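Per-entry structural report
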Amino acid sequence: MTYIIIAVILIIKIVIYVRAENKKKEAKNITQKQTEQNHYEEMREMAFLASTEQLGLSSIGKDQVYGIISEMDMEGATITLATFLNGDASIYFSSGGGVIGAGQHESVEKIVKEYVKNGQNYLDKGVKTEKTNLPENGMGNFNFLTEKGIYKISQSLNNLESGNSEFSNLFVELNEIINEIRIKIVANAKAEYLKITL
C-alpha cells in the first residue's frame, strides 16, 4: 500500500512538472509571435531612409529639412512620428501598432507640411549624426532629415512639456499633429461603426 501511495505522488508531481514546462513553452511562443508581428523597427528604419526622390521632393536644397522623425520615450516604450515635407505622416509604437498614411487627411497634411518647414529654424541647433538611436529614458528626439544627413536634437520631455526648452514650440506643434491624427482616427472609427450598425 505504501508503494502505491508513493507511486501516485510521483505521478502527480510528474504531471504538474510537465504542465508547468508546457506553460513556459506556450508563454515563450506567444512572446516570440508578438515580437515577430511587431514591425516597429522596420517601419522606423524605413522612415529614416526615406529619400527626397521617394517622397517626390526632387527640387529641394541639400540643406533643406525634408523630414522630421520625432521620438518620445514614454516610460520604456517609444512613440515615433515620421513627418515629411510632402505632408506624409505616420506614427509607430514600439509596443506594436501605429498609423500609416495619416497625411492622406487634408487637415493632417497641412499641419505636417508646416511642422517640417518650421524644422528648418532648428536645423542649426541640431548635431549631425549617423546613429538613429532611440531616445533615452524621459527624453524626446527630433531628427531632421536633409540631403546632407541627419541632425538630431535631444531634450528632456519635462523641459519640453513645461515650456522651459527653446524647442518647446516644436514639441507643441508635434502634439498638434498627434492630436489631429487622433481626431481623424476617431472620426473614421465612428464612420465605420455607423456603416456596420446601419
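We now turn to the structure provided with this report. (Residues numbered from 1 in each chain as written. Predicted model: local features only at pLDDT ≥ 70, side-chain atom pairs only at ≥ 80, totals over all residues. Heavy atoms only, no water.)

1. Here we look at the overall build of the protein chain
Helix and strand counts for the protein chain stand at 5 helices and 7 strands. Shown N-terminal to C-terminal, the secondary structure of the protein chain runs as helices and strands in the order α-α-β-β-β-β-α-β-β-β-α-α. Once local pairs closer than 6 in sequence are excluded, the contacts in the protein chain between residues at least 24 apart make up 57%. Here the protein chain has roughly 12900 Å² of accessible surface; of this, 54% comes from carbon and sulfur atoms. (Helix = DSSP H or I, 4+ residues; strand = E, 2+ residues; numbered from the N terminus. Contact = heavy atoms within 4.5 Å. Areas by Shrake-Rupley, 256 points an atom, 1.4 Å probe, with all protein chains shown as cover.)

2. Quick word on the nonpolar core
Soluble, globular proteins show a tendency: their nonpolar side chains are buried together. The biggest cluster of nonpolar side chains holds 42 residues, and the ones touching the most others in it are F84, Y115, F142, F144 and I181. With 5 residues, helix α5 (residues 168-197) is the single largest residue contributor to this core. Setting aside anything within four residues of it in sequence, one finds I181 in contact with L81, A89, I91, V99, A102 and V108. (Core = buried A, V, L, I, M, F, W, Y, C linked by side-chain atoms within 4.5 Å. Buried < 20%, exposed > 50% of the residue type's maximum accessible area, 1.4 Å probe, protein only.)

3. Points about the pairing of strand β6 (residues 139-146)
Looking along a regular strand, one sees the side chains alternate between the two faces of the sheet. Counting buried positions along β6 yields 7 of 8 residues, so the element is predominantly enclosed. Bridging between strand β1 (residues 67-74) and β6 involves 6 bridges; their strand directions are antiparallel. Bridge pairing links I68 to F144 in β6. Relative to strand β7 (residues 149-156), β6 runs antiparallel, the two being bridged by 8 bridges. Counted as the bridge partner of G140 is Q155 from β7. Taken together, β6 and the strand that follows it, β7, pair antiparallel across an intervening segment of 2 residues. (Pairing = 2+ DSSP bridges.)

Geometric values such as these leave the question of function open.
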